[in-house]
Amino acid sequence: MTAAPTGAAMPGKEPVGPGASGQVRPARVANLLYTDTEEELRAAVRGLLEDKAFWRDVLARTETGQTYDDKLWRSLAGEVGCAGLLIPEHLGGAGATFREAAVVAEEIGRAIAPVPFLGSAVIATTALWAAGDTALLPELASGAVTASLAVPFATGTRTRPDPTVRLTVPPKSGPKPGDGQADHWLAGTISGVADALPASLLLVPVDGVPYGLYAVRTSSPGVGMRPQASLDMTRQLCEVHLENVPAQRIAVGQAAEQAMAAALLAGAGILASEQLGAAERALEITVAYVKERRQFARPVGSFQALKHRLADLWVAVTQARAAARYAADWLAAGFGPETTLAVALAKASCSDTGLKAAQEMIQLHGGIGFTWEHPAHLFLKRAKADSLALGTADAHRASLEVLADLQPPKASK
Amino acid sequence: MTTETSAATDRDGLRAQVAEFLAAHDPHGADPLEFLRARFDAGLAWVHYPAGLGGQGLPRSLQVVVDREFMAAGAPSNHPELNGIGLGMAAPTILAHGTPEQNQLWLRPLWAGEEVWCQLFSEPGAGSDLAGLATRAVRDGDTWTVNGQKVWTSSAHMARRALLVARTDPDVPKHEGLTYFALDMHQPGVEVRPLRQLTGEAEFNEVFLTDAQVADGDRIGAVGQGWAVSMATLMNERVSIGGAAMPREGGMIAPAARTWREHPEKRTPGLHDRLLRLWADAEVARLAGTRLRQQLAAGQPGPEGSAAKLTFARLNQDISEFEVELDGPDGLLYDDWTMRRPEGANFFGRTSGYRFLRAKGNSIEGGTSEILRNIIAERVLGLPKEARVDTGPWKDLPR
């Protein structure tokens, strides 16, 4: 990563708006294109996913007891270095930026690959790094440990998630402070956590004064992980239950809040790129289909009613790409107010476009698109779930009230 | 690295050239036209044009360096706002398809603002189906005689020359029988009448051509190649509508956001939701335009230009519609229905009511949104063409 968020502006805390200071003019010019290095990384990830994440296998896996593909994740971690992409080189990672992470996310979105890249390599990694951790990140970098930030996937970026976990007194038996690295005990339940099922490490926000962020090994006694039937079974959620579980404190007070805010902002920004990749792939598959499918003795793709819908979708994808690249580029530059604005725009645009693409995919495929045997439903479920995750499009647009100085009407008396 | 270094060198070099030029030519001298002609001859007019034609073959992105220096010196302007068609469409078409003699003859007076250009394309019977046009040009030796009617011609009442596409062979399929000319507008066979539009004013004209004359030397491209040349012109038009660089909150969203901030009493929760959506859409569209220009600058021209024009039209209409509603009771009023002849189009000017009405043209002018969707579907996405019934000789097509 190129800039440490420690000491950087808290996302959302510094409103910028054209109000008193005139037009908002970001100080740097964002590069909205893909670099050659990024294209090389894309080719490597795409090659691997085309080989190992064929959609029929992805679909079949959703009906097994192991919805995440550990083997695929190990390949992505080992062969392409995806697990430690954002981790600095001196901690064993690749030292890449959010620009490269966004490209990997696009490819994972295209394949709807069931791997915990977003949860572990982006969100948890950003939380640890923003909290100044140097002990756990090397474990993540190697891919030996997969981590998840234990918050509901629907948590937005604007408000501090309300922790449902509290500190408890140590149990009479079991590990004591000084045993290993555990220094605290936690209890509570968090529902709807993404990428926790394959995780061996949970980062748990804990209520109290002050607010804190704690690390919990899922192998510890008292950790319960209950898989939840999820709208998107390619990123199955789970309910985390902690019953007097030993934990290690990572950050407390403002440092913990900053780490959480940075992690959720990065997550939303990179998820936008994942949504973009899925939308682009849905459009490609649909365009290919309407060229082949014949009705009334001609390809259905020659009918203007369909052509115009696909043209509109292509335009929407073009816009979403600009927004997603803008967010990735600003995330790579740090966590100032412009980054917050960029992520809000990207998540709003890509949520809407991702869902539109999946819905058009189903409608323009006709009957076959409504079946279980066609991949369209994988795109639909991923798109709808992603649009609710890490702040809805509406929630992100609402952040413009402050970021762009577009205040709501005064509450009526 | 090397590219950045050479760009920096180019920038410094250009600043030095402008400084040298200004030392030799008084920007506040008596004859602004002489100054502009000299600037053209010095290759400081449009730096991306070739040497000898007002430029130096540099990247287009460097033009802003030169413009800034001349503006800072208070140098005379060539008033690009009065010659949008000339600068944005005629010049690139002449450069791409004109002869060396035509380039020498037309580009300097065009750039300097001496000669305004207009575009004689659309006809009452040929709008979206431009290739079906019926204006005839008949050759007699070195002269062509033109008869027909053109419509939606901006600037025709001020123009010295026109880009004209006319039918020269009715016996072949419609796209093959067209030829492209530069027409002298100052001649008896050309009659220009204002065309009043729904805003009350007349930006556009109808142009009646009755035995108008064009020398064969003023033909641009080969006989029968008029369609290919026209496409070059139209592509430039679509880039110039909707492809312009603007700051955040530029364009149609600016007055809407300003009214919102200045008039808290006009706000409602429903309008607030709409404004947030429109502001985000406008900003994302702006970023897409920025990305398009970055692609062009990096030598990766993409097909996104047609997307920019589609989005521009939709946003202008949605935002201006919002604005009129935000104005509440004032939205029922209009500033002025008097027939006027504005000097150019101003999509973002006057009042919200004017902007609301003018925006309706944005999805029609320069290629309707429906035609643009066809272009995207067929040329970008590669979808099959609609079954055609107009492939025979033009003269046999039902009209």
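Going along each chain's sequence as written, the residues are numbered from 1 onward. Throughout, the order in which chains and ligands are written sets their labels, letters from A for the former and numbers from 1 for the latter. Per-residue local features are limited, in this predicted model, to residues with pLDDT of at least 70; the limit for side-chain atom pairs, both in listing and counting, is 80 or more; totals at the level of whole chains, interfaces and linings are taken over all residues.

### Re the overall build of chain A
Item 1. Looking only at helices and strands, one finds 12 helices and nine strands in chain A.
Item 2. Any residue surrounded by 20 or more other C-beta atoms within 10 Å of its C-beta is treated as buried, while 12 or fewer makes it exposed and the intermediate range makes it partly exposed; C-beta atoms here are placed from the backbone. In chain A, which comprises 413 residues, the proportion classed as buried is 54%.
Item 3. In chain A, once contacts between residues fewer than 6 apart in sequence are set aside, the share between residues at least 24 apart is 77%. Secondary structure counts use DSSP, requiring at least four H or I residues in a row for a helix and at least two E residues in a row for a strand, with both numbered from the N terminus. Here contacts are defined at the residue level, using C-beta atoms placed from the backbone and a cut-off of 7 Å between them.

### As for the overall build of chain B
Item 1. Helix and strand content of chain B: 11 helices and eight strands.
Item 2. Based on C-alpha atoms, the radius of gyration is set beside the globule rule, defined as 2.2 Å times the residue count to the power 0.38. Relative to a compact globule of 399 residues, whose C-alpha radius of gyration would be 21 Å, chain B shows 23 Å and is just as compact.
Item 3. Along the longest, intermediate and shortest principal axes, the C-alpha atoms of chain B span 70 × 60 × 45 Å.
Item 4. Of all 399 residues assigned to chain B, the portion counted as buried reaches 41%.

### Thoughts on the interface of chain B and chain A
Item 1. Each partner contributes to the interface: chain B provides 41 residues, whereas chain A provides 40 residues.
Item 2. Within the residue set of the side of chain B that touches chain A, elements represented by two or more residues are α7 (253-262), α8 (269-297), α9 (304-326) and α11 (369-380) of chain B.
Item 3. Note that Gly is not counted as nonpolar here; it falls among the polar residues with everything else outside the nonpolar set of Ala, Val, Leu, Ile, Met, Phe, Trp, Tyr, Cys and Pro and the charged set of Asp, Glu, Lys and Arg. For the side of chain B that touches chain A, the residue count by class is 23 nonpolar, seven polar and 11 charged.

### Some thoughts on the domain arrangement of chain A
All names here are of chain A.
Item 1. In terms of domain boundaries, chain A breaks down into domain 1 (1-145 + 254-413) and domain 2 (149-253).
Item 2. Only α3 (70-79), α5 (117-130), α7 (254-292) and α10 (376-388) provide two or more residues apiece to the side of domain 1 that touches domain 2.
Item 3. Along the lines of polarity and charge, the residues of the side of domain 1 that touches domain 2 split into 30 nonpolar, eight polar and six charged. Domain borders in the structure are assigned automatically or taken from a domain database.

### Notes on the domain arrangement of chain B
By a widely used convention, the size of an interface equals the accessible area lost when the partners come together.
Item 1. By domain assignment, chain B separates into domain 1 (2-112), domain 2 (117-230) and domain 3 (241-367).
Item 2. Here the C-alpha centre of domain 3 of chain B lies 30 Å away from the C-alpha centre of domain 1 of chain B.

### Some details on the pairing of strand β2 (residues 136-140) of chain B
Residue and element names in this part refer to chain B.
Item 1. DSSP calls a pair of strands paired once it identifies at least 2 bridges connecting them. Where β2 meets strand β3 (residues 143-150), five bridges bridge the pair, whose relative direction is antiparallel. When the bridges of β3 are listed, Val138 appears paired with Thr145.
Item 2. Where β2 hands over to β3, the hairpin turn is made up of two residues, of which Gly141 adopts a positive phi near 65°.

### What to know about unusual backbone geometry
All names here are of chain A.
Item 1. You will see that Asn244, though not glycine, has its phi angle at about 50°, which is positive.
Item 2. Locating Asn244 in the fold gives a position in strand β7 (residues 238-252).
Item 3. Residue classification places Asn244 among the partly exposed residues on the basis of 15 C-beta atoms within 10 Å.

### What about the environment of A:Val209?
Residue and element names in this part refer to chain A.
Item 1. When you line up the elements, Val209 lands in the loop between β4 (201-206) and β5 (212-217).
Item 2. A tally of 6 C-beta atoms within 10 Å means that Val209 is categorised as exposed.
Item 3. For the pair Val209 and Glu274, spaced 65 residues apart in sequence, the C-alpha to C-alpha distance is 36 Å.

### Here's the deal with the nonpolar core
Item 1. Note on terminology: a nonpolar core is a set of buried residues of type Ala, Val, Leu, Ile, Met, Phe, Trp, Tyr or Cys, with members joined through C-beta atoms within 7 Å. Counting residues in each nonpolar core, the largest one holds 176 residues, and the members touching the most others are A:Ala127, A:Leu203, A:Ala323, A:Tyr326, A:Ala327 and B:Trp279.
Item 2. For this core, the element with the most residues is α7(A), which contributes 21 residues.
Item 3. Residues in contact with A:Ala127, not counting those within four places in the same chain, are A:Leu149, A:Leu203, A:Leu213, A:Ala259, A:Met260 and A:Ala263.
Item 4. Core analysis: the next-biggest nonpolar cluster, separate from the first, contains 59 residues, B:Ala126, B:Val146, B:Val165 and B:Val207 among them.

### Regarding the environment of B:Ala308
All names here are of chain B.
Item 1. Note that Ala308 resides in helix α9.
Item 2. Taking the C-beta count within 10 Å as the criterion, Ala308 has 26 such neighbours and is therefore assigned buried.
Item 3. Note: C-alpha distance between Ala308 and Asp12 (296 residues apart in sequence) is 33 Å.

### What to know about helix α1 (residues 36-52) of chain A
All names here are of chain A.
Item 1. The span expected for a helix works out to 1.5 Å for each residue beyond the first. For α1, with 17 residues, the first-to-last C-alpha span of 24 Å sits near the 24 Å given by 1.5 Å per residue.
Item 2. Those residues of α1 that fall on the buried side of the exposure criterion are Leu41, Val45 and Leu49. Looking straight down α1, one finds that the buried residues subtend no more than 60° of arc, so they occupy a single side. Projecting away from the buried face of α1 at angles above 90 degrees are the exposed residues Asp36, Glu39, Ala43, Glu50 and Asp51. Starting at the helix axis, one direction is taken to each C-beta atom, and the arc is that of these directions.

### Regarding α9(B)
Item 1. For α9(B), which comprises 23 residues, the first-to-last C-alpha distance of 32 Å matches the rise-based estimate of 33 Å (1.5 Å per residue) to within 8%.
Item 2. Immediately beyond the C-terminal end of α9(B), within one or two residues, lies B:Gly328, with a positive phi of roughly 60°.

### Focus: the confidence of the model for chain A
Item 1. The score called pLDDT rates the predictor's confidence residue by residue, from a low of 0 to a high of 100. Considering every residue of chain A, the mean pLDDT works out to 90; 90% of them sit at 70 or more.
Item 2. Within the model, the stretch residues 1-24 of chain A combines pLDDT values under 50 with 56 contacts to residues more than four positions away or in other chains.

### Here's the deal with the packing of α9(B) against α11(B)
All names here are of chain B.
Item 1. At a minimum axis distance of 10 Å, the contact between α9 and α11 shows a crossing angle of 150°. As the angle between them shows, α9 and α11 are arranged roughly antiparallel. With respect to the hand of their crossing, α9 and α11 are arranged in left-handed fashion. Residues Ser306, Ala307, Lys309, Leu310 and Ala313 of α9 touch α11, and the partners they reach there are Ser369, Leu372, Ile375 and Ile376.
Item 2. Residue composition of the contact of α9 with α11, grouped by class: six nonpolar, two polar and one charged. Lines are fitted to the C-alpha atoms to define the axes, a helix being fitted only along its stretch in contact, and any angle between axes, read from their N-to-C directions, falls within 0 to 180 degrees. Any angle between 65 and 115 degrees counts as roughly perpendicular, while under 35 counts as roughly parallel, over 145 as roughly antiparallel, and the rest as oblique. The hand of a helix crossing depends on one turn: near helix anticlockwise from the far one by less than a right angle means left-handed, and clockwise means right-handed.

### Some thoughts on the confidence of the model for chain B
Detailed reading of the predicted model is not advised wherever pLDDT is low.
Item 1. On average, chain B scores 92 in pLDDT, and the residues at 70 or more come to 96%.
Item 2. Here the predicted complex scores 0.90 on pTM and 0.91 on ipTM.

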